[in-house]
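What follows is the residue order along each chain.
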Amino acid sequence: MPLFIVTGCYSATAAKGMIDNPSNREKAARGIMEAAGGKVHSFYVTTGETDWMVIAEFDDGADLIPALLVVSASGAVSNVKTVRAYTGSEFKDAQEKAGKIASSYKTPVK
């Protein structure tokens, strides 16, 4: 199944809520991802440009979108970004396919 890396930032309101009432954010992330049909491989609180990262597996990227809509609409997070992750084996398969189809492409330059 395809893997997705999702990152985002907590809002100031969310930060205040976590200080006033600490909660397990990994449990919350797992809950929404599983409700959307996914499986969370890992959850991390991060430093730098984002505050958290989830690595999740979904049958289809379109299945991830409802979970992200719910999380974003909550106002607790912002700057949500998603990238598709490929295993080394998947990338090797892509390289092999590229070798097979390379002769089909005609470059516009010499």
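For the structure itself, look to the data block above.
Scoring rules and cut-offs
Residues numbered from 1 in each chain as written. Predicted model: local features only at pLDDT ≥ 70, side-chain atom pairs only at ≥ 80, totals over all residues. Heavy atoms only, no water. Buried < 20%, exposed > 50% of the residue type's maximum accessible area, 1.4 Å probe, protein only. Helix = DSSP H or I, 4+ residues; strand = E, 2+ residues; numbered from the N terminus. Pairing = 2+ DSSP bridges. Core = buried A, V, L, I, M, F, W, Y, C linked by side-chain atoms within 4.5 Å. Contact = heavy atoms within 4.5 Å. Axes fitted to C-alpha atoms, helices over the stretch in contact; angles between N-to-C directions. Salt bridge = Lys/Arg side-chain N within 4 Å of Asp/Glu carboxyl O. Phe/Tyr/Trp six-rings, centres within 6.5 Å; stacked < 30°, edge-to-face > 60°. Lys NZ or Arg CZ within 6 Å of the ring centre and 35° of its normal.

### A word on the pairing of strand S1 (residues 3–10)
Thinking step 1. Within S1, seven of the eight residues are buried, which leaves the element mostly enclosed by the surrounding structure.
Thinking step 2. Across six bridges, the pairing between S1 and strand S3 (residues 52–57) is antiparallel. Among the inter-strand pairings, isoleucine 5 is bridged to a residue of S3, identified as isoleucine 55.

### Let's talk about the nonpolar core
Across soluble globular proteins, nonpolar side chains have a tendency to be buried as a group.
Thinking step 1. In terms of nonpolar packing, the biggest core is built from 16 residues, with Met33, Trp52, Val54 and Leu64 touching the most fellow members.
Thinking step 2. Counting only elements with at least two residues in this core, the list comes to S1, helix H2 (25–35), strand S2 (39–45), S3 and helix H3 (61–73).
Thinking step 3. Apart from the residues within four sequence positions on either side, tryptophan 52 is in contact with Val6, Thr7, Gly8, Cys9, Tyr10, Phe43, Tyr44, Val45, Thr46, Val77 and Val80.

### Observations regarding the sheet that holds S1
Thinking step 1. If you trace the four strands from one edge of the open sheet to the other, you get S2-S3-S1-S4, paired in antiparallel fashion. Single-partner strands in this sheet number two, and they are S2 and strand S4 (77–85). When strand polarity is set aside, the average angle formed by the axes of neighbouring strands in this sheet is 15°.
Thinking step 2. H3 contacts S1 and S4 of the sheet and is inclined by roughly 165° relative to S4.

### A closer look at the pattern of salt bridges
When their charged atoms lie close together, side chains carrying opposite charge are able to pair.
Thinking step 1. Within the structure shown, the criterion is met by four salt bridges.
Thinking step 2. Close ionic contact of arginine 84 with glutamate 90 constitutes a salt bridge, the shortest N to O distance being 3.8 Å.
Thinking step 3. Residue class for glutamate 90 comes out partly exposed when judged on its relative accessible area of 29%.
Thinking step 4. Of the charged contacts in the structure, one is a salt bridge between lysine 92 and glutamate 96, with a shortest N-O distance of 2.7 Å. Residue lysine 92 and its partner glutamate 96 are located together in helix H4 (residues 88–101), separated by four residues, close to a single helical turn.
Thinking step 5. You can call lysine 92 partly exposed: its relative accessible area is 48%.

### What to know about the side chain of threonine 50
Thinking step 1. Mapped onto the elements of the fold, threonine 50 is located in the loop between S2 and S3.
Thinking step 2. You can call threonine 50 buried: its relative accessible area is 15%.

### Description of the packing of aromatic side chains
Thinking step 1. Across all of its chains, the model carries zero aromatic pairs by this definition.
Thinking step 2. Seen from the ring of tyrosine 86, arginine 84 lies directly overhead, with NZ or CZ sitting 4.1 Å from the centre.

Limitation: the analysis is restricted to geometry and does not speak to function.
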